[in-house]
Amino acid sequence: MRTKRIFTAAVAVVTVITMAAGCSSSNSSAKNSSAPITLNFATNLIGSGASTSAVSEQLIKEFEAKYPNVHIELQTAAGTALQSLIQLSFSSDNVPDVFNFWRPQPAFNMDKYIASGKLGDLSSLAAEPSVKDLFDQSAWTTATVDGKVWGIPLESFSVPFIVNTKVFAEAGLPLPTTWDTLVSDVAALKAKGIIPWMVSQMPAEQSNERLLDYVLDRELGNQKALDLYAGKVSFKSPEVEKALADYLSISVNAGPSDASALTNNAAIAKYFNTGQAAMMLTNSGYLPAIDKAVASDMKVIPFPTIPGGAQTTANMEKDLTALMYASAKGLADPNKGPVIKDFLKFFTSHEAQTLLANQSILVPAIGVKGDPASTSTLFVDVQAQSAAAPGDKWLGNARTPSQQQVFYPLVAQAWTGAFTATQFADQLESMFHK
Amino acid sequence: MGAMKFRPRLLFFIAPAATLYTIFFVYPLILTFLRSFTTWDGISAPVFNGIANYIEMFHDSVFLTGIVRILIWAALAVVIKVGLGLVFAAMLRGRIRGYKFFTSVFFFPVVISSSAMCLVFSLMYDKDIGIINQFLDGIGLGFLQQSWLSNPNTAFFAAIAVPIYQDIGFFLIIFLAALQGIPNELYESAWIDGANSIQVFLRVTLPLSLGTLRVCVILAVTSAFKTFDYIFLLTGGGPANSSQVPATWMYQQTFQAFRYGYGDAIAMLIFVLSFAVSGLVMGSRSMGNLRQRPKRMDAEGATL
């Protein structure tokens, strides 16, 4: 009797426990769907000097309002400092849940990040019609490595050739629409005390090589220029030395004397917006730094072809420049993974792309153009030219991060007239040719 | 009073500090040393490459000119920071009128962060609005105006002028404390014997502050060898590597070029250099001789 009572009690206890476990697990599922989730977002889109700051903060606020249980924890880094932050995060196995970064190419160490297995494969997200149809095939091709999509397109870039028409008019000089005119204009501008080129020589800005890129592309063609930096072609050939000589003829002492102490934004504010510099050839991401009050004086024109050069069309350097990525660990998390995908979709949506375009940022989304009332005629013209011009790949794609550290200071030296064309070719040969 | 007897339980009291020292200094040092013999991008596994990194270092023109720069910096740091710190301390030792005001004024830059100082000086050095160029123009030396941080000939010296200026107050305070310990009677004796200010400085102040001087020289030199923030913030090592020093080059190679093994090798060399200089100064026979009592010195140390 006593045994029977004990047995009955035990069965009752086990039953209660089982029911409680079942209830609590279903309760915890419900709780998990509204359980607080923190997404770590590493970005250079937010911060002082970032033209995308306001839009990015707005998008984050909207997302958090839409998902009240989600908090976006920001890790910000300015400009190219994001490269060091992401490198460290991969090294320490602490990859942010989401981050924006450059193209998935070796120039940005992305081949190593992909090989580490810590970067999330976004192929399934990219296959969703609402995401896939937003961007054209060229953007997806850039985002794809070894058949997998690693990032969702966010921003494009081009390198427009922008001239201050007011400066040229006041100097009595024609716009540099041909190579010969460009060469004579540079000399004439210098003689009149006007700085021909707005340029930053800070290595971290990675922008003082744009003019060299264009001259090499025009003289040799984009692929051969890429092969130069890939070490497949020698810099010591007559045609390359001629190209370097042509480059030096329009660049030596043609930038601000304090260019190495100025960021791009600071150089634009100090020299281009004030009419002290006549021309600008830099990443379109710096267009927002051009004062709207003087933007009407600016005009985008094709960089001239060079007589005898391999390139006979006015190609433009352009590509995707920023994509949104996710960590493999975050994507695999059953609670975080769906939220990460939703955040990526939200941050690269048509509406988000429109907001960016209204800030004069080139975006890869099909059919998205900035509101001319918010941007400027200049940006509208840059957009149009970027869309129409045949594209050249950025020559830095062929350079490794290690080579960049020596390359940018070398180009900065070339701007000061430190080298003849032959000496410059020697320096580049020792750096790149294998 | 006899020597303190070693008791094993004393280890219990030094264990926390020893543990922290081991974790945050000894372990990273050993790891850095081992990794300096590898090629490593920070992501994939390190690959042993023998002494290739060290061989490359001694063929790296940017690194070698950086070594020359830090030696120049160290020399200037000793002469200006330590020298001026000692001279000002000797002047203020006598508690002249406004002694506290001057001490505060000299020490004030020390409490400002390096980044704030760099921001202030980058504005002062500006080619167009900088106060330095405006001052030069104002005193008729407009021809000396330059873009101080953009000119390869001036960028390095303009950058190191900031920490050298900033740290004078730090060494002033150290020397002031050391000089307070020199008995006034020695100075009075010297004055009575007819010594002038320079003789008093050379024969009383300097010999009796040599211990402190030795420490300050080591601090100044090792600071010059390893300082990173001023160069990084003011010039980034530019223009065109003309202000590059081993610490900033190590940073660029490690965190921007993703060559961790090579960066580790540079870090090891900075450590060895600093260690060697410290050992040289501490074990210096000439400095030791200076510390010995000269034959003509009284019981309290003043030279007769």
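Residues numbered from 1 in each chain as written. Chains lettered and ligands numbered in written order. Predicted model: local features only at pLDDT ≥ 70, side-chain atom pairs only at ≥ 80, totals over all residues.

Caption draft 1: Spatial organisation of the overall build of chain A. Assigned secondary structure in chain A consists of 20 helices and 12 strands. Projecting the C-alpha coordinates of chain A onto the three principal axes gives extents of approximately 115 × 50 × 35 Å. Taking all 434 residues of chain A together, the buried fraction comes to 46%. Contacts spanning at least 24 positions in sequence make up 76% of the contacts within chain A whose residues lie at least 6 apart. (Helix = DSSP H or I, 4+ residues; strand = E, 2+ residues; numbered from the N terminus. Buried ≥ 20, exposed ≤ 12 C-beta atoms within 10 Å, placed from the backbone. Contact = placed C-beta atoms within 7 Å.)

Caption draft 2: Spotlight on the domain arrangement of chain A. Residues and elements named next belong to chain A. Taken as a whole, chain A is organised into domain 1 (37-158 + 319-357) and domain 2 (161-318 + 398-432). Each of domain 1 and domain 2 was reduced to a C-alpha centroid, and the two centroids are 31 Å apart. Each partner contributes residues to the interface: domain 1 has 12 residues there, and domain 2 has 13 residues. Those elements that place two or more of their residues in the side of domain 1 that touches domain 2 are strand E6 (152-158) and strand E11 (316-326). Broken down by element, the side of domain 1 that touches domain 2 gets its largest block of residues, three residues, from E6. (Domains from an automatic or database assignment.)

Caption draft 3: View of helix H16 (residues 336-347) of chain A. Counted at 1.5 Å a residue, the expected span for H16(A) with its 12 residues is 16 Å, and the 16 Å between its end C-alpha atoms agrees. Among the residues making up H16(A), those that are buried are Lys336(A), Val339(A), Ile340(A), Lys341(A), Phe343(A), Leu344(A) and Phe347(A). (Expected span 1.5 Å × (residues − 1).)

Caption draft 4: Highlighting the confidence of the model for chain A. Residues and elements named next belong to chain A. In the predicted model, chain A carries a mean pLDDT of 91, and 92% of its residues have values of at least 70. Of all secondary-structure elements in chain A, the lowest mean pLDDT belongs to helix H1 (residues 2-34), at 54, while strand E3 (residues 98-101) reaches the highest, 98. Counting interchain partners and residues more than four positions distant, the pLDDT-below-50 stretch residues 20-32 has one contact. (pLDDT = per-residue confidence, 0-100.)

Caption draft 5: Local environment of the sheet that holds strand E8 (residues 195-198) of chain A. Residue and element names in this part refer to chain A. Taken together, the four strands give an open sheet; going across it, the order is E8-E9-E7-E10, and neighbouring strands pair in mixed fashion. Lying at the two open borders of the sheet, with one neighbouring strand each, are E8 and strand E10 (298-301). Between one strand and the next, the sheet's axes are offset by a mean angle of 25 degrees, whatever the strand orientation. Taken together, the three bridges between E8 and strand E9 (residues 277-281) define a ladder with parallel strand orientation. Residue Trp197 lies in a different strand from E9, and its bridge partner there is Met279. Relative to E8, helix H13 (residues 264-272) is tilted by about 150 degrees, and along the sheet it contacts E8 and E9. (Pairing = 2+ DSSP bridges. Axes fitted to C-alpha atoms, helices over the stretch in contact; angles between N-to-C directions.)

Caption draft 6: Looking closely at the packing of helix H12 (residues 246-256) of chain B against helix H13 (residues 260-282) of chain B. All names here are of chain B. Interhelical geometry of H12 versus H13 gives an angle of 160 degrees and a closest axis separation of 8 Å. Considering the angle they form, H12 stands roughly antiparallel to H13. Between H12 and H13 lies a crossing whose hand is left-handed. Residue-level inspection shows Pro246, Ala247, Trp249, Met250, Gln253 and Thr254 of H12 in contact with H13, the latter providing Tyr260, Tyr262, Gly263, Ile266, Ala267, Leu269 and Ile270. For the contact of H12 with H13, the class distribution of residues is 10 nonpolar, three polar and no charged. (Parallel < 35°, antiparallel > 145°, perpendicular 65-115°, else oblique. Left-handed = near helix turned anticlockwise from the far one by under 90°. Nonpolar A, V, L, I, M, F, W, Y, C, P; charged D, E, K, R; others polar.)

Caption draft 7: Local environment of the interface of chain B and chain A. Facing the 20 residues of chain B at the interface are 23 residues of chain A. The class makeup of the residues in the side of chain B that touches chain A is seven nonpolar, 10 polar and three charged.

Caption draft 8: Seen up close, the confidence of the model for chain B. For chain B, mean pLDDT is 89; residues scoring 70 or higher make up 92% of the total. The complex model carries a pTM of 0.82, and its ipTM stands at 0.78.

Caption draft 9: Region of the structure containing the environment of Ile72(A). Residue and element names in this part refer to chain A. Here Ile72 lies in strand E2 (residues 70-76). A tally of 20 C-beta atoms within 10 Å means that Ile72 is categorised as buried. A C-alpha to C-alpha distance of 10.0 Å links Ile72 and Ala42, two positions 30 residues apart in sequence. Ignoring sequence-local partners within four residues, the contact set of Ile72 consists of Leu39, Phe41, Ile60, Phe63 and Glu64.

Caption draft 10: Main features of the packing of helix H19 (residues 401-415) of chain A against helix H20 (residues 421-432) of chain A. Residue and element names in this part refer to chain A. It is at 11 Å that the axes of H19 and H20 come closest, and there the two elements cross at 180 degrees. It follows from the interaxial angle that H19 and H20 lie roughly antiparallel. The segment H19 lies against H20, with Gln403, Val406, Phe407, Leu410 and Ala414 engaging Phe424, Gln427, Met431 and Phe432. Tallied by class, residues from the contact of H19 with H20 come to seven nonpolar, two polar and no charged.

Caption draft 11: Looking closely at helix H3 (residues 81-91) of chain A. Turning to H3(A), its buried residues number three or more, namely Leu82(A), Gln83(A), Leu85(A), Ile86(A), Gln87(A) and Phe90(A). Residues of H3(A) that are buried in the fold lie against strand E1 (37-43), E2, E3 and helix H4 (110-116) of chain A together with H12 of chain B. Directly beyond the C-terminal end of H3(A), a positive phi value near 55 degrees is found at Asp93(A).

Caption draft 12: Main features of the nonpolar core. Counting 124 residues, the largest nonpolar core has Met198(A), Ala159(B) and Ile266(B) as its most contacted members. The dominant element in this core, judged by the number of residues it contributes, is helix H7 (residues 155-180) of chain B, at 15 residues. Counting residues in each nonpolar core, the second largest holds 53 residues, with Leu39(A), Phe41(A), Val149(A) and Leu362(A) among its members. (Core = buried A, V, L, I, M, F, W, Y, C linked by C-beta atoms within 7 Å.)

Caption draft 13: Just unusual backbone geometry, in detail. Here the amide bond leading from Gly238(B) into Pro239(B) is cis, since omega sits at -5 degrees, within 30 degrees of zero. Within the secondary structure, Pro239(B) is located in the loop between helix H11 (229-234) and H12. Phi is positive for Ser360(A), close to 65 degrees, though the residue is something other than glycine. Structurally, Ser360(A) is set in the loop between helix H17 (350-357) and helix H18 (377-388). Although it is not a glycine, Phe258(B) adopts a positive phi angle of roughly 60 degrees. By the C-beta count within 10 Å, which is 23 here, Phe258(B) ends up buried.

Caption draft 14: Structural detail: the pairing of E2(A). Residue and element names in this part refer to chain A. By the bridge criterion, seven bridges tie E1 to E2 in an arrangement that is parallel. In the sheet register, Asn40 faces E2, and the bridge partner there is Glu73. A crossover links E1 with its parallel partner E2, the connecting element being helix H2 (residues 53-66), and its sense is right-handed. (Right-handed = clockwise from strand over helix to strand, strands pointing away.)

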